[in-house]
Amino acid sequence: MTVAHDDPHVARLFEHMALLVSDGVGDPLDIHEQLVELAMENSPDVARYWKQVGVGVGVPDTAYKDGGPHLFPDAPPVRVFRTSGTTGSVRGTVRYSKLGLELKGMAIEANARRHLRPDDGVRPVVIPFAPSEEAAPEMAIAFDMARIAESCGNPELSTAVVGANGVDFDLLANRLDAAVAEGLPVVLVGATFAFVNICDALEEQGRSWQLPPGSRMYDGGGFKGRSRIMRVDDLRAAVRRVFGIERHGNIFGMTELANMIYDASDTPVGPLGERPKGSHPAGGPKVRDPRTREYLTEGHGLLEITDLSLLDRPHVLLTGDLGIAGPEGVAIAGRIAGSASRGCSLTLDEMTGGAA
């Protein structure tokens, strides 16, 4: 029997998920099992898929190219996010119910507070290299960056700097100059190739800063852009030259997921120097053997993400990426051959000036 969005069971499940996501309190295995049961009750397609491949195996990201499984058709979605798609491809679509969107916001904010806030508690100037949420309501990364800025950032100076006409370099310079004058740390966050393009443009203009102590950068997405490939350490060297930042990290996120995953260590693992990602109380990455579908503790395989902040669709996703399992976590080493490059990252590459 289908479980309605306003069923008391869903309300209780939401409360348990919220505690786990925000405070790390609760039983992840119990929540996983409840979410599996919910998906099988509410999506015959998911139930059939799990009967074929094994219960709990990640749903492929390609399932969302035609809208994918949405577990609460009785509740009109309050928000729809779309992948950018690649040339000639269909845009993926994910829908959020009221409770689902609330959980997503909680997850992004809690994770950002764990990783982005300086140790002294000062709210940094958060500058997303992404459009504002108002300018790009269907871009999940714009929603995520807004939650990061609101939960962690200085409210007067934090701002997005990418718009319909590209990067607002004057606004960026204004906020960086103000942060330097006030001695406030800066957190730069956005898609990997947005960083590449912005650093290229600023170096060409001869502009640079030495941002205050505690400043850091977090790029997200792959290191293969529309026009070139960038090694992790080469990007960090460019950010160091332009912004004087010494603390770096990478974030993995997808439109199909609710939460983000941060680096667990600074050990280069992947072919471009990709660092391993770690788990958090509400999930994280694992690697499956492509032949047996068993989990690997070492070596290359299919990247699978468990996201226990995801209520509206199956909470386990096969992403189409290559994962490298090791003792410090899972390095994400780009798309598997035949998979399209990551949509939001390529969109922001284009919006910030990347060559085709």
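These numbers come from a predicted model, not from an experiment.

A.B. asks: An account of helix α1 (residues 8–23) is needed here, citing residue identities and associated values.
C.D. replies: With 16 residues, α1 ought to run about 22 Å at 1.5 Å a step, and its terminal C-alpha atoms sit 22 Å apart, in line with that. Every buried residue of α1 is listed here: V10, L13, F14, M17, A18, L20 and V21. Considered in projection along α1, the buried side chains sweep an arc of 165° and stay on one side of the axis. For α1, the exposed residues set more than 90 degrees away from the buried face come down to P8 and D23. Looking at the packing, one finds that the buried side of α1 touches α2 (28–42) and α4 (98–116). Two to three positions downstream of the cap, the backbone nitrogen of H9 sits 2.7 Å from a side-chain oxygen, assigning the N-cap of α1 to D7. Just past α1, the residue G24 takes up positive phi, approximately 70°.

A.B. asks: If you had to explain the packing of aromatic side chains to someone new, which residues and values would you point to?
C.D. replies: In the structure shown here, the tally under the stated rule is six aromatic pairs. Its end group placed over the ring of F143, R147 keeps NZ or CZ at 4.6 Å from the ring centre. Directly above the aromatic system of Y295 lies the positively charged group of R288, at a separation of 4.1 Å from the ring centroid.

A.B. asks: Quick one: what's the story with the confidence of the model for the protein, residue by residue and with numbers?
C.D. replies: For the protein, the mean per-residue pLDDT works out to 90, and 90% of the residues sit at or above 70. Averaged over each element, pLDDT in the protein is lowest for helix α9 (residues 343–351) (51) and highest for helix α6 (residues 169–182) (98).

A.B. asks: I'd like a description of the pairing of strand β2 (residues 79–82), backed by residues and values.
C.D. replies: Side chains R79 and F81 of β2 all project onto a buried face; the interleaved residues V80 and R82 project onto a face where none is buried. Relative to strand β3 (residues 93–96), β2 runs antiparallel, the two being bridged by four bridges. Bridge assignment links R79 to a residue of β3, and that residue is Y96.

A.B. asks: Which residues make up the sheet that holds strand β8 (residues 216–220), and what values go with them?
C.D. replies: Pairing within the open sheet is mixed, and its five strands lie in the order β4-β7-β8-β9-β10. Only two strands of the sheet have a single partner each, and these edge strands are β4 (125–129) and β10 (261–262).

A.B. asks: Residue-level account of the pattern of salt bridges, with values.
C.D. replies: Taken as a whole and judged by the stated rule, the model has 18 salt bridges. Two residues, R113 and E109, come together in a salt bridge whose shortest N-O distance is 4.0 Å. One end of the pair is R113 and the other is E109, both in helix α4 and four residues apart, which spans about a single turn. For R113, a relative accessible area of 38% gives the class partly exposed. We classify E109 as partly exposed; its relative accessible area is 22%. Here D263 makes a salt bridge to K277, at a shortest N to O gap of 2.7 Å. Here D263 is found in the loop between β10 and β11 (276–277), whereas its partner K277 is found in strand β11, with 14 residues between them in sequence.

What counts and how
Residues numbered from 1 in each chain as written. Predicted model: local features only at pLDDT ≥ 70, side-chain atom pairs only at ≥ 80, totals over all residues. Heavy atoms only, no water. Helix = DSSP H or I, 4+ residues; strand = E, 2+ residues; numbered from the N terminus. Expected span 1.5 Å × (residues − 1). Buried < 20%, exposed > 50% of the residue type's maximum accessible area, 1.4 Å probe, protein only. Arc of directions from axis to C-beta. Contact = heavy atoms within 4.5 Å. Polar contact = N/O pair within 3.5 Å; in protein donor to acceptor, adjacent residues only side chain to side chain. Phe/Tyr/Trp six-rings, centres within 6.5 Å; stacked < 30°, edge-to-face > 60°. Lys NZ or Arg CZ within 6 Å of the ring centre and 35° of its normal. pLDDT = per-residue confidence, 0-100. Pairing = 2+ DSSP bridges. Salt bridge = Lys/Arg side-chain N within 4 Å of Asp/Glu carboxyl O.

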